[in-house]
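Here is how the chains run, residue by residue.
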Amino acid sequence: MQGLMMDMPLLVSSLLQHAARHYGDNEIVSRRIEGDIHRYTYADCHERARRLADAFVRSGTAVGDRIATLAWNGYRHMEMYYAVGGLGAIVHTINPRLHPEQIAWIVNHAGDTHLAFDMTFLPIVEAIASKCPTVKTWIAMTDADRQPKSDKIPNLVNYEEFLAQGSTDYRWPELDERTGCGLCYTSGTTGNPKGAMYTHRSTVLHAYAAALPDAMGASARDSILPVVPMFHVNAWGLPYICPLVGAKLVFPGPQLDGKSLYELIESEGVTYSAGVPTVWAGLLQYARENKLRFGTFNRTVIGGSACPPAMMKAFNEEFGVEVIHAWGMTETSPLGSLSRLQLKHDKLPAEAKQKILEKQGHALFGIDMKIVDDEGNELPWDGKTFGNLLVRGPWVMKEYFRGEGGDPLQYDVDGRGWFPTGDVATIDADGYMQITDRSKDVIKSGGEWISTIDLENLAVSHPAIMQAAVIGVHHPKWDERPLLVVVKRPGAEVTREELLAFYEGKIAKWWTPDDVQFVDSIPLGATGKILKTKLREQFADYKLPTA
Ligand code: AMP
């Protein structure tokens with residue numbers, strides 16, 4: 001027998017509509033590329049998103065079309081999310097830090113019909129316009145009086161003039177909730193990028209789960225600043241989570257340096273933020289150098305790569321900011337797990353609590369996790385055994401866009417599909433997961449795994465070290481041994497021997513790197529993560545002194 005509840009589809013348009021009705025005058029504040037501050041409300045955003053949706057429909061956009069953005073975090077990008085998704089098309093957010101050739105490849109693979117861009121990215125658009133035949137219209141996201149002219153871009157229109165063609169009478173269509181609404185390509189360190197396509201259903205369910213108190217814990221009492229870009233897995237869902245709860249939204253635009261972030265946090269009463277570890281290093285350094293304190297900022301989500309415990313400590317102890325360590329992937333919308341303490345942890349000593357918070361945490365309701373060996377056998381949750389991390393859930397991808405890479409799922413004995421994350425992790429008896437490596441980066445020494453993340457976290461807790469990466473290097477006896485590559489803090493001095501001695505007593509002796517190399521910089525990928533593939537190429541001819 002079926003239940004007797006309404007079949008009301010879960011749609012992203014309903015999130016913004018809800019915010020406009022119930023938190024209509026709550027603000028969305030954006031630092032614009034021009035440097036000035038723009039402010040309006042959820043009600044304003046909803047009205048403009050509907051006009052923009054209508055303008056897209058009038059320009060021939062149909063359900064299922066892909067419409068691309070090359071843009072920073074700002075109100076126009078937010079309008080694009082809702083106009084395009086709301087009408088039943090798919091907002092395809094592109095990472096502008098990729099090489100223009102790769103951007104053109106992605107646009108063609110997606111078959112984007114329009115591409116809306118911030119003025120910062122005009123040179124990219126000029127370079128790719130002639131190579132992207134599916135794009136009928138290029139939309140410059142700027143005021144009409146700043147509209148650029150370019151003979152390299154056919155059909156270049158102005159965002160404001162385009163939007164003005166739409167009507168405020170536009171009503172959101174009631175779509176099937178499994179309709180696609182967003183598309184994001186993974187940065188992929190090898191091969192071509194692959195697209196994860198989110199549905200309305202997956203996006204709304206993800207927003208519900210992420211907003212919960214023991215997840216991101218977002219509320220209408222918050223002022224939330226997403227530092228994580230809207231081109232990197234939908235800024236971890238914040239453009240959907242904030243309207244769901246009615247939080248004030250503060251968009252930083254292109255200015256992600258410590259000073260600009262600090263000023264915006266203070267002037268907009270920001271309570272909450274989210275971003276990858278590399279941006280927070282800049283903010284911490286600025287606040288320290290200028291002996292500053294935060295007025296309202298009290299917590300931040302850090303993820304995308306492992307948050308070094310030293311950074312967590314600095315936020316907590318020096319600035320009174322709670323760090324919520326989170327794990328996720330483009331393919332998981334992205335939130336899979338977050339580390340939060342429970343009532344039963346209250347009595348633990350501070351150090352034991354800290355150890356739990358350093359993990360990537362427990363799964364959100366909706367996400368199922370397990371670790372398996374290379375044959376697919378499930379491994380114990382003892383907090384020690386390493387295994388390949390598999391996940392499943394309503395906001396986990398089942399296949400890549402256009403079926404690229406075939407069926408990625410692994411099937412269990414009951415025929416249920418699991419997504420192999422490519423991460424290696426432990427899970428403890430309470431279900432707290434800890435990532436030890438990407439499976440491609442893990443070091444196998446004499447058949448045993450060494451966690452590069454642990455070695456890197458320890459290295460950056462040394463006062464002289466700014467950045468660290470550990471890679472496996474060929475060794476005739478052990479197959480592979482760890483090499484520590486570091487960037488020193490400006491003006492700091494430390495020797496190879498001092499760094500190696502720093503590991504003593506903190507890890508199993510055989511995990512200690514065999515050597516240290518000092519470099520000026522470590523290569524970072526388009527989402528700010530260490531590019532170990534590049535680093536391995538850089539050290540391809542390097543021979544360990546122990547070899
Ligand atoms: P992306 O799809 O570009 O967001 O990359 C996802 C990958 O980033 C994951 O599979 C992990 O390898 C890594 N990652 C994300 N969050 C964390 C975290 N908190 N700690 C360690 N690695 C992480």
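See above for the structure.
Here the structure is a predicted model, which is why all the values come from computation and not from measurement.

1. What to know about the sheet that holds strand 7 (residues 156-158)
Two modes of strand pairing occur in sheets, parallel and antiparallel, and in both the strands are linked by backbone hydrogen bonds.
Part 1 of the reasoning: Across the sheet, which stays open at both edges, the 7 strands sit in the order 7-6-5-3-4-8-9 with mixed pairing between neighbours. Two strands bound the open sheet, and with one partner strand each, they are strand 7 and strand 9 (195-199). Adjacent strand axes in the sheet meet at a mean angle of 25° when their direction is disregarded.
Part 2 of the reasoning: Note that strand 3 (residues 66-70) and strand 4 (residues 90-93) share 4 bridges and pair parallel. Within strand 4, the position partnered with Ala 68 by the bridge is His 92.
Part 3 of the reasoning: Each of strand 3, strand 4, strand 5 (114-117) and strand 8 (180-185) is contacted by helix 3 (residues 75-87), which is oriented at about 145° to strand 4, the strand it contacts most.

2. Thoughts on the environment of Gly 64
Part 1 of the reasoning: Tracing the backbone shows Gly 64 in the loop between helix 2 (42-58) and strand 3.
Part 2 of the reasoning: For the pair formed by Gly 64 and Gly 88, sequence separation is 24 residues and the distance between their alpha carbons is 6.1 Å.
Part 3 of the reasoning: Setting aside its immediate chain neighbours within four residues, Gly 64 contacts Gly 88, Ala 89 and Ile 90.

3. Thoughts on the environment of Ile 103
Part 1 of the reasoning: With respect to the element layout, Ile 103 can be found in helix 4 (residues 100-110).
Part 2 of the reasoning: On the accessibility criterion, Ile 103 (0% relative accessible area) is buried.
Part 3 of the reasoning: The sequence separation of Ile 103 and Glu 34 amounts to 69 residues, and the corresponding C-alpha distance is 25 Å.
Part 4 of the reasoning: Apart from residues no more than four positions distant in its own chain, Ile 103 is found in contact with Leu 70, Ile 94, Asn 95, Pro 96, Leu 98, Ile 124 and Ile 128.

Rules of the game
Residues numbered from 1 in each chain as written. Predicted model: local features only at pLDDT ≥ 70, side-chain atom pairs only at ≥ 80, totals over all residues. Heavy atoms only, no water. Pairing = 2+ DSSP bridges. Helix = DSSP H or I, 4+ residues; strand = E, 2+ residues; numbered from the N terminus. Axes fitted to C-alpha atoms, helices over the stretch in contact; angles between N-to-C directions. Contact = heavy atoms within 4.5 Å. Buried < 20%, exposed > 50% of the residue type's maximum accessible area, 1.4 Å probe, protein only.

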